[in-house]
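Listed below, chain by chain, are the residues.
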Amino acid sequence: MAVYADMKVDCGPDFVTLMWTESRPQADTSLLRLGSCFPTSFSAGEAYFYVDLTDCNFRILVTGDVLLYSNDLTYVASDDSYNLAFTHPVVCAYERPKDWYSSQQIYDPVFKTYGLGDLQFTIGLMNDDFSGPAEFTSYPLGSIIPIMASVVQKTHQPLLLLLEECVAATTPELHPESTMYPIISNKGCLLESVSSQSKFEPRQKSSEMRLSLQTFTFAMREEVFIHCKLLAWDPNGLDSTKKACHFVKGHGWELLDNLAQSSLCDCCESKCKSRRQRSVASEKHGMVQKAVIGPFTITDVNS
């Protein structure tokens, strides 16, 4: 949360209330938007929203027994304003009723949500343009699997989301005897980008990562799960062990978030050293969360 304001959200059974209290004297609270909705009321220092979950273009994610409604509070700065535009995530989580069905989605998206302290991590398979969850979970060999991970920061200062490690396996849990296929390793190096069209997509938000993963020859026609370590980190704390690197043909290893610092990716060809971490660890600048997506299947294009 920005130091110049305070946001209070109350998730009702079918509505959301949000109070934004602003300390900057020049800020125009009428320029705040919750999704597509204008403030219900506003004054010189406050904006209040009372909206239904079916309004304002709330996004719905389904993960097991949880319904996750998410949106963005944005400030649309005018051209002559001294105040910069910004976006803050707004999320409400509910227990999924047994008979719940949404006309907005005719499938159960492959999405997983994990809570860690007051952080909410989400990872899932997406459609081709990353605008919503995947409509199918079978991919021909050589096609692209869009994957998106995000973290809802609530009261945290802005955090940078990183994919520290991802491996494919044929089991929903990793065991010593599990057959694994490395995708991302060495603290954020996208190994698959060296020999395929896999790549990190440009960020839309610091708290979100988009991965275009080209399917590979592994466990063909079997159920495949991808196991990842998601890292929410200080945006100013990037180093050789806190990074997102992919290999660009003709250029070599590049840092997703700042090409000028691509030297942080040099260790992708050797060993990027760091301290040993627990599976779920809290550090000075961030947190790590294990996550699993799947199952999905990779099929032979000739089958």
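The structure displayed is predicted, hence computed values, not measured ones. (Residues numbered from 1 in each chain as written. Predicted model: local features only at pLDDT ≥ 70, side-chain atom pairs only at ≥ 80, totals over all residues. Heavy atoms only, no water.)

The tally for this structure, following the rule as stated, stands at six disulfides. Note on cysteine connectivity: cysteine 166 is disulfide-linked to cysteine 228, with sulfurs 2.1 Å apart. Residues cysteine 166 and cysteine 228 share a disulfide whose torsion about the S-S bond is about 115°; that sign makes it right-handed. Residue cysteine 166 is found in strand 13 (residues 160-169), and its partner cysteine 228 is found in strand 18 (residues 224-233); the two are separated by 62 residues along the sequence. Comparing cysteine 166 with cysteine 228, the two get one shared label, buried. Sequence-ordered numbering of the bonded cysteines in the chain gives a pairing of 1-4, 2-3, 5-7, 6-11, 8-9, 10-12. (Disulfide = S-S within 2.5 Å. Helix = DSSP H or I, 4+ residues; strand = E, 2+ residues; numbered from the N terminus. Buried < 20%, exposed > 50% of the residue type's maximum accessible area, 1.4 Å probe, protein only.)

In this section: the sheet that holds strand 19 (residues 245-248). Judged by pairing direction, the sheet is mixed, and its eight strands sit side by side in the order 11-21-18-13-14-15-19-20 without closing on themselves. Looking at strand neighbours, the two that pair on one side only are strand 11 (138-140) and strand 20 (252-255), the edges of this open sheet. In this structure, strand 19 lies alongside strand 20, joined through four bridges in antiparallel fashion. In the sheet register, histidine 246 faces strand 20, and the bridge partner there is glutamate 254. (Pairing = 2+ DSSP bridges.)

Attention shifts here to the nonpolar core. In this structure, Ile147, Ile183, Phe200, Ile226 and Leu230 are the most contacted members of the largest nonpolar core, which totals 43 residues. Among the elements of the structure, strand 10 (119-125), strand 12 (144-152), strand 13, strand 14 (180-185), strand 17 (208-214), strand 18 and strand 21 (287-299) are those that each provide at least two residues to this core. Ranked by the residues each element gives to this core, the list is headed by strand 18, at seven residues. If you look at the next biggest cluster of nonpolar residues, it comprises 24 residues, including Leu32, Val51, Leu73 and Cys92. (Core = buried A, V, L, I, M, F, W, Y, C linked by side-chain atoms within 4.5 Å.)

Take the packing of aromatic side chains next. The final tally for this structure, using the stated rule, is eight aromatic pairs. Their ring planes at 80° and their centres at 5.7 Å tell us that phenylalanine 247 and tryptophan 253 sit as a pair that is edge-to-face. A connected cluster of aromatic rings, assembled from ring pairs, spans Phe136, Tyr139 and Phe296. (Phe/Tyr/Trp six-rings, centres within 6.5 Å; stacked < 30°, edge-to-face > 60°.)

Model confidence for the chain is summarised by a mean pLDDT of 81, while 80% of its residues fall at 70 or above. Here residues 101-109 scores under 50 on pLDDT; set against residues more than four positions off or in separate chains, the count is 12 contacts. Throughout residues 275-285 the model reports pLDDT below 50, and contacts reaching past four residues in sequence, or to other chains, amount to 21 contacts. (pLDDT = per-residue confidence, 0-100. Contact = heavy atoms within 4.5 Å.)

What follows concerns the pairing of strand 19. One ladder, built from two bridges, connects strand 15 (residues 189-190) with strand 19; its direction is parallel. Along strand 19, the bridge assignment pairs leucine 190 with histidine 246. The loop that links strand 19 with its antiparallel partner strand 20 comprises three residues; one of these, glycine 250, has a positive phi angle of about 85°.

Relative to the assigned elements, phenylalanine 121 resides in strand 10. By relative accessible area, phenylalanine 121 is classed as buried at 0%. Distance from phenylalanine 121 to glutamate 208, taken between C-alpha atoms, is 9.8 Å for residues 87 residues apart in sequence.

So, about the pattern of salt bridges. Summed over the entire model, instances satisfying the criterion amount to five salt bridges. Glutamate 164 serves as the salt-bridge partner of lysine 187, at 3.7 Å between the closest nitrogen and oxygen. Taken together, the positions of lysine 187 in the loop between strand 14 and strand 15 and glutamate 164 in strand 13 put the pair 23 residues apart, joining distant regions of the chain. With respect to burial, lysine 187 and glutamate 164 carry one shared label: buried. The shortest N-O distance in the salt bridge between arginine 203 and aspartate 257 comes to 2.4 Å. With arginine 203 in the loop between strand 16 (199-200) and strand 17 and aspartate 257 in the loop between strand 20 and strand 21, this pair connects stretches of sequence that are 54 residues apart. Residues participating in the shared-partner salt-bridge network are Arg59, Asp72 and Lys205. (Salt bridge = Lys/Arg side-chain N within 4 Å of Asp/Glu carboxyl O.)

A few words on the environment of isoleucine 293. You can see isoleucine 293 is positioned in strand 21. Linking isoleucine 293 and leucine 125, residues 168 residues apart in sequence, is a C-alpha distance of 7.5 Å. Those residues in contact with isoleucine 293 that lie beyond four places of it in its chain are Ile123, Gly124, Leu125, Ile147, Val224, Phe225 and Ile226.

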